[in-house]
Amino acid sequence: MKQLNILFVTVFLCLNATAQTDTIEVKRKNDTLRIGSMIIIKKGKKIWEDSSSVISNRDNFNKKQSSKISTNWWIFDFGFSNYDDQTNYANTGSYLVNRPGYPDISKSDFKLRTGKSINVNIWLFMQRINLIKKNVNLKYGLGIELNNYRYKSTSLLSYNEGGLIPYSAGMQTNSPFVYRDSVVKFTKNKLAADYLTVPVMLNFSTTPKYKKPAFGFSAGVSIGYLYSQRNKQISDEFGKLKNKGDYDLEKFKFSYVAEIGVGPVRVYGSYSPQSMYEKSTKMDIRPYNFGVRLSSW
């Protein structure tokens, strides 16, 4: 019994001490209710506060805002491929072989059909790292570039993958890069070059808020690795021919890249200051692309 009395006294003292320490005081002013050390606000950002924590109805949003890295998956580009031909055709030598008795191969033979020379890019992801208040960001990604160069000339030019080229009249020449055959008439002649590409850009955004269309501009460089090159030809003589091999294209492609737009739709462009061919002293052709990019930012 004595032990039970001691227990009751101990509990009473603890409760009394707690009541003195945490005195409850209720105050109400406008939309604010204060109960001791706790504050409840009906309107505004803060809905609950005590001496140890603050709970806000915008906590999730603020956590998202505080993230310095954001990722955008599966970005698609639809545009056109072309190039700036700076080749000196007087110095190509045996690199370009012409059938005797016909005009020399010139720049006009390499002109493209702009509307049918297509560029499609598929970016696996793009990431953006906040550098300055989400107005300035580092942007980079990984994807593939698909370039189709459709020649305007309906005939005469063919690519060589090495070895001997048989002419229609039975003539042969040793390993030219491009040759002219006056007999075969191509209704379609296309060179395709595909790259695995990594772009790195500095991104500027004027309205970097979430859930709002942002105006943005990005500029930088990209490095691409050539993983596929092929030539497709259609003619009455041979039908449809698809040749996949080595067409003397440069393995690595360095380009300047840029994009500008509002919200999910933007315009992109790229330009390589180097020739797309390994023997740039023979064929100095510098590729560029432009089109529309579909991206969430």
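Figured I'd write up the structure that's included with this text. No experiment lies behind these values; they were computed from the predicted model shown. (Residues numbered from 1 in each chain as written. Predicted model: local features only at pLDDT ≥ 70, side-chain atom pairs only at ≥ 80, totals over all residues. Heavy atoms only, no water.)

## Considerations on the overall build of the chain
A tally of regular secondary structure across the chain gives two helices and 19 strands. For the chain, buried positions account for 39% of its 297 residues. Taking the intrachain contacts of the chain between residues at least 6 apart in sequence as the baseline, contacts between residues at least 24 apart amount to 68%. (Helix = DSSP H or I, 4+ residues; strand = E, 2+ residues; numbered from the N terminus. Buried < 20%, exposed > 50% of the residue type's maximum accessible area, 1.4 Å probe, protein only. Contact = heavy atoms within 4.5 Å.)

## Focus on the packing of aromatic side chains
Within the structure shown, the criterion is met by eight aromatic pairs. An angle of 55 degrees between the planes, with centres 6.1 Å apart, marks the rings of Trp73 and Phe125 as tilted. Here Trp73, found in strand β6 (residues 69-85), pairs with Phe125, found in strand β8 (residues 118-132); they are 52 residues apart in sequence, far enough to count as distant. Exposure remark for Trp73: the relative accessible area of 54% places this residue in the exposed category. Looking at Phe125, the relative accessible area reads 18%, which means it is buried. Of the aromatic side chains, those joined through ring pairs into one cluster are Phe80, Tyr288 and Phe290. Lying over the aromatic face of Tyr195, Lys253 brings its terminal NZ or CZ to 4.9 Å of the ring centre. (Phe/Tyr/Trp six-rings, centres within 6.5 Å; stacked < 30°, edge-to-face > 60°. Lys NZ or Arg CZ within 6 Å of the ring centre and 35° of its normal.)

## Description of the side chain of Thr197
Inspection of the secondary structure assignment puts Thr197 in strand β14 (residues 186-205). When sequence neighbours within four positions are dropped, the list of residues in contact with Thr197 reads Trp123, Gly141, Leu142, Gly143, Glu145, Ser222, Ile223 and Gly224.

## Some words on the environment of Trp123
Take Trp123: it is sitting in strand β8. The contact partners of Trp123, leaving out residues within four places of it in the chain, are Trp74, Ile75, Asp77, Leu142, Gly143, Glu145, Thr197, Pro199 and Arg293. Looking at Trp123, its side chain comes within polar contact range of the side chain of Asp77, at 2.8 Å. (Polar contact = N/O pair within 3.5 Å; in protein donor to acceptor, adjacent residues only side chain to side chain.)

## Notes on the nonpolar core
Most often, soluble globular proteins have nonpolar side chains that are buried together. Ranked by internal contacts, the top residues of the largest apolar core, which has 19 residues, are Tyr83, Phe110, Tyr277 and Met283. At three residues, β14 tops the list of elements feeding residues into this core. (Core = buried A, V, L, I, M, F, W, Y, C linked by side-chain atoms within 4.5 Å.)

## Let's talk about the pairing of β14
Summarising burial for β14: 14 of the 20 residues are buried, a large majority. In this sheet, strand β15 (residues 215-235) lies alongside β14 in antiparallel orientation, the contact comprising 19 bridges. Its bridge partner being in β15, Leu196 is matched across the sheet by Tyr225. (Pairing = 2+ DSSP bridges.)

## Side note on a positive patch on the surface
Together, Lys107, Lys111, Arg113, Lys116 and Lys152 make up a positively charged patch on the protein surface. Examined against the element boundaries, Lys107 turns out to sit in the loop between β7 (96-97) and β8. Residue classification places Lys107 among the partly exposed residues on the basis of a relative accessible area of 40%. (Patch = residues over 30% accessible without salt bridge, like charges linked within 9 Å, V, L, I, M, F, W, Y side chains within 5 Å. Areas by Shrake-Rupley, 256 points an atom, 1.4 Å probe, with all protein chains shown as cover. Salt bridge = Lys/Arg side-chain N within 4 Å of Asp/Glu carboxyl O. Lys, Arg positive; Asp, Glu negative; His and termini not counted. Charge placed at Lys NZ, Arg CZ, Asp CG, Glu CD.)

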